[in-house]
Amino acid sequence: MRTLITAIALLGTLTACSPRQSEPPAEELPRAETLGDVVGGPVELEDAAAGTPADLLGSAWQWVSFHSGKEAFDIEHPERYTIAFEEDGIAFIQADCNRGSGSVTTDGPGTITIGPIALTKMLCPPESHGDLFVQSLEHAVLYFFQDVTLYIERPIESGTLGFERVSPETTP
């Protein structure tokens, strides 16, 4: 009996000390924008066609814009923020002064999971968007194409990254 009580007490202590990951309450999430706001006008379903995994394989992209319910901005130096999707399901990433890679998987057309991303830990300039870039990629859930632009979305419309295609030779 004493062993049982000790085991329960130990389990309770371990549970209380374990780190917990929690999502912010719904009222703290950014206000969602419409897809039309993100891409600059009304969007027809055919215009925002979801891509397929084959659409990404062997392609390289540079980050040109970010839109969320809280902020929107263009990337001043898009060549510093790139992602190259290799044929073997690995993405090579340059996030300002850091470089790394991570796995890429899709569960079907338009869905995407990137990461975990292994990244160097260089100290980038204060104006760097490297952390936002990597966090956004690791939280990506959807992707689609609008004309020649690739968009990668974070969950609950908490941010959309816009990318322009680049030649693979110009990426790290």
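Residues numbered from 1 in each chain as written. Predicted model: local features only at pLDDT ≥ 70, side-chain atom pairs only at ≥ 80, totals over all residues. Heavy atoms only, no water.

Novice: Which parts of the structure should I look at to understand the side chain of Arg154?
Specialist: Within the secondary structure, Arg154 sits in the loop between strand S8 (149-153) and strand S9 (160-166). Buried and unpaired, Arg154 has no salt bridge, with Glu71 as the nearest side chain of opposite charge at 8.0 Å. In terms of polar contacts, Arg154 uses its side chain to reach the side chain of Ser136, at 3.0 Å. Beyond its immediate stretch of four places on either side in the chain, Arg154 contacts Leu132, Gln135, Ser136, His139, Val141 and Gly159. (Helix = DSSP H or I, 4+ residues; strand = E, 2+ residues; numbered from the N terminus. Buried < 20%, exposed > 50% of the residue type's maximum accessible area, 1.4 Å probe, protein only. Lys, Arg positive; Asp, Glu negative; His and termini not counted. Salt bridge = Lys/Arg side-chain N within 4 Å of Asp/Glu carboxyl O. Polar contact = N/O pair within 3.5 Å; in protein donor to acceptor, adjacent residues only side chain to side chain. Contact = heavy atoms within 4.5 Å.)

Novice: Would you mind showing me how to read the packing of aromatic side chains here?
Specialist: Under the defined criterion, the tally for this structure stands at nine aromatic pairs. Aromatic pair Trp63 and Tyr81: ring centres 5.4 Å apart, planes at 85°, arrangement edge-to-face. Of this pair, Trp63 sits in strand S1 (residues 59-67) while Tyr81 sits in strand S3 (residues 81-85), and the two are 18 residues apart along the sequence. Note on accessibility: Trp63 and Tyr81 belong to one class, buried. With a centroid separation of 5.5 Å and 35° between ring planes, the pair formed by Phe66 and Phe73 is classed as tilted. Phe73 shares its class with Phe66; the two are buried. Every member of this aromatic cluster is reached through a ring pair, and the members are Trp63, Phe66, Phe73, Tyr81, Phe133 and Phe163. (Phe/Tyr/Trp six-rings, centres within 6.5 Å; stacked < 30°, edge-to-face > 60°.)

Novice: What's the story with the nonpolar core in this structure? I'm lost.
Specialist: Soluble, globular proteins show a tendency: their nonpolar side chains are buried together. Phe85, Ile114 and Phe163 are the most contacted members of the largest nonpolar core, which totals 26 residues. In contact with Phe85, not counting residues within four places along its chain, are Leu56, Leu57, Gly58, Ser59, Trp61, Ile90, Ala91, Val104, Ile112, Ile114, Leu150 and Ile152. (Core = buried A, V, L, I, M, F, W, Y, C linked by side-chain atoms within 4.5 Å.)

Novice: Looking at this model, I keep getting lost on the layout of surface pockets. Mind explaining?
Specialist: Gaps left between atoms are located by rolling a probe of water-molecule size over the structure's atoms. As a volume, the second largest pocket reaches approximately 270 Å³. Contributing to the lining of the second largest pocket are 15 residues, with Asn98, Leu119, Lys121, Gly130 and Asp131 lying nearest its centre. Secondary-structure elements contributing two or more residues to the lining of the second largest pocket are strand S6 (113-119) and helix H4 (130-138). For the lining of the second largest pocket, the element with the highest residue contribution is H4, accounting for five residues. (1 Å grid on protein atoms, 1.4 Å probe; cavity = no way out; pocket = protein on both sides within 12 Å on 5 of 7 lines; lining within 4 Å. Points joined across faces, edges and corners; volume = space filled by probe spheres on them.)

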